[in-house]
Amino acid sequence: MIARTQQTEIDSHLFKGKAILVFGARQVGKTSLIKNTIKNDSFLWLNGDEPDTQLLLENITTDRLKAMIGNHKILVIDEAQMIHNIGLLIKRMVDNFPEIQIIASGSSAFELADKTKESMVGRKEELQLFPFSYQEMVNETNFVEETRLVPHRLVFGYYPEVIKNPGKEEKILNDLVDAFLYKDILNLEGIKKSATLQRLVQMLAFRIGTEINYSSFGNDLGINRLTVEKYIDILEKNFIVFSLNTFSKNQDNELKKGRKIYFWDVGLRNRIIKNFKPIELRDDVGALWENFIISERKKKLSYENQFKDTHFWRNTQQAEIDYLEIRNEEIDAFEIKYSPNVKVKFTKSFTEKYNPKTTEVIHKENFWNYLL
């Protein structure tokens, strides 16, 4: 079994009087992580995908909860976002059974996180799990082997089943998209126009690393810009994509409002646009590499609990910085280029205004310095 970085984190929160919530997209390994955590304890496992579990937990009384849990030390609710009023239910469990460890997993932060904020203040620890990371795979094999495989990862990504089944990558990614991606989002969010959502996801996949214009997207899709914004927000809360907003301190020539969208897994992105060509035959290597580096970097920050704001920067003269990390007003600025031979000069209109702590170029011959 490939060791997960979050294993130590989840183990450290056990039996501290709080529920543990594990968020992440379908098939990123949440169930395996939890099973590896509870393997030596007495536990009760409930699957939120099952209709009988949903019916059992809906409006269940405290007495019935106590009888159901019995002498188990741990209660696990897998895919808990499928349970009605799950936040209030977990709150009651934590308040009434503090000696029981509650662990809930969810592939949608919309249902399990946003609706539980008020009711679970001080009662939960949240962890996010992603597809495997470059760092996790280096730890599993070795630096040389995994680095040699990066061109392959740029095409097929890091989903666990993809990693574990070489030669079957396309089929697994096809099944993942067909079985889970649209189904979960449509079911959970009550979206009726499935074709519109699919077209939007495809448009985002073709435009990774470029600014998103909601009004333009809306015109192309026949919906208004607010609906486009809502759909993208849902995709983010279901851990399919993430966004970078532009950084600005209201300088006259800066772009004040802008947003770029990236996918948490480039293999999933390539499946959406149905392009599994090797890197040497692609015309989107620059965008793919940018997505890969930023998503891997954000995994690293998340797993190491480095709380940094992440942005891009651009001014009205089209000068741009690909990626910024900001903490306590200190700025690390990065340009991301696949080839180490590309000449990069950080624009003075940025460096003289913001005096960044570092300015670095990440390319295929040094990227490991930023991901390990």
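Analysis parameters
Residues numbered from 1 in each chain as written. Predicted model: local features only at pLDDT ≥ 70, side-chain atom pairs only at ≥ 80, totals over all residues. Heavy atoms only, no water. Pairing = 2+ DSSP bridges. Helix = DSSP H or I, 4+ residues; strand = E, 2+ residues; numbered from the N terminus. Axes fitted to C-alpha atoms, helices over the stretch in contact; angles between N-to-C directions. Contact = heavy atoms within 4.5 Å. Core = buried A, V, L, I, M, F, W, Y, C linked by side-chain atoms within 4.5 Å. Buried < 20%, exposed > 50% of the residue type's maximum accessible area, 1.4 Å probe, protein only. Phe/Tyr/Trp six-rings, centres within 6.5 Å; stacked < 30°, edge-to-face > 60°. Right-handed = clockwise from strand over helix to strand, strands pointing away.

## Description of the sheet that holds strand 5 (residues 124-128)
Logical step 1: The sheet built from five strands is open, its strands ordered 2-3-4-1-5 with parallel pairing. Two strands close off the open sheet at either side, each with one partner strand: strand 2 (43-47) and strand 5. Within the sheet, the average angular offset between the axes of one strand and its neighbour, ignoring direction, is 15 degrees.

## Here we look at the sheet that holds strand 7 (residues 259-263)
Logical step 1: Pairing within the open sheet is mixed, and its six strands lie in the order 7-6-8-9-10-11. On the outer flanks of this sheet lie strand 7 and strand 11 (358-362), each paired with one strand and no other. Between one strand and the next, the sheet's axes are offset by a mean angle of 35 degrees, whatever the strand orientation.
Logical step 2: Here strand 8 (residues 309-314) pairs with strand 9 (residues 320-327) via five bridges, running antiparallel. When the bridges of strand 9 are listed, histidine 311 appears paired with leucine 324.
Logical step 3: Strands strand 6 (241-246) and strand 7 of the sheet are contacted by helix 14 (residues 225-237), whose axis makes an angle of about 120 degrees with strand 6.

## Overview of the nonpolar core
Logical step 1: Ranked by internal contacts, the top residues of the largest apolar core, which has 105 residues, are Leu75, Ile90, Leu204, Phe263 and Phe292.
Logical step 2: Considering every element that reaches this core, the biggest residue donor is helix 16 (residues 285-303), with eight residues.
Logical step 3: The contacts of leucine 204, once residues within four sequence positions are left out, are Ile212, Phe217, Ile232, Leu235, Ile261 and Phe263.
Logical step 4: Within the second largest apolar cluster, eleven residues are counted, among which are Ile321, Ile331, Ala333 and Tyr354.

## Considerations on the packing of aromatic side chains
Logical step 1: Evaluation of the coordinates by the stated rule reveals 19 aromatic pairs.
Logical step 2: Between phenylalanine 43 and tryptophan 45, the ring centres sit 6.4 Å apart and the planes meet at 75 degrees, which makes this aromatic pair edge-to-face.
Logical step 3: What makes phenylalanine 43 partly exposed here is its relative accessible area of 34%.
Logical step 4: Between the aromatic rings of tryptophan 289 and tyrosine 338, the centroid separation amounts to 5.1 Å while the plane-to-plane angle is 75 degrees, which identifies the pairing as edge-to-face. With tryptophan 289 in helix 16 and tyrosine 338 in the loop between strand 10 (330-336) and helix 17 (348-354), the pair connects residues that are 49 residues apart, well separated along the chain.
Logical step 5: When its relative accessible area of 0% is taken as the criterion, tryptophan 289 is described as buried.

## Here we look at the pairing of strand 11
Logical step 1: Summarising the sheet, strand 10 and strand 11 pair through five bridges and their orientation is parallel. Bridge pairing in strand 11 links glutamate 335 to valine 361.
Logical step 2: Since strand 10 and strand 11 lie parallel, the crossover through helix 17 that links them has a hand, and here it is right-handed.

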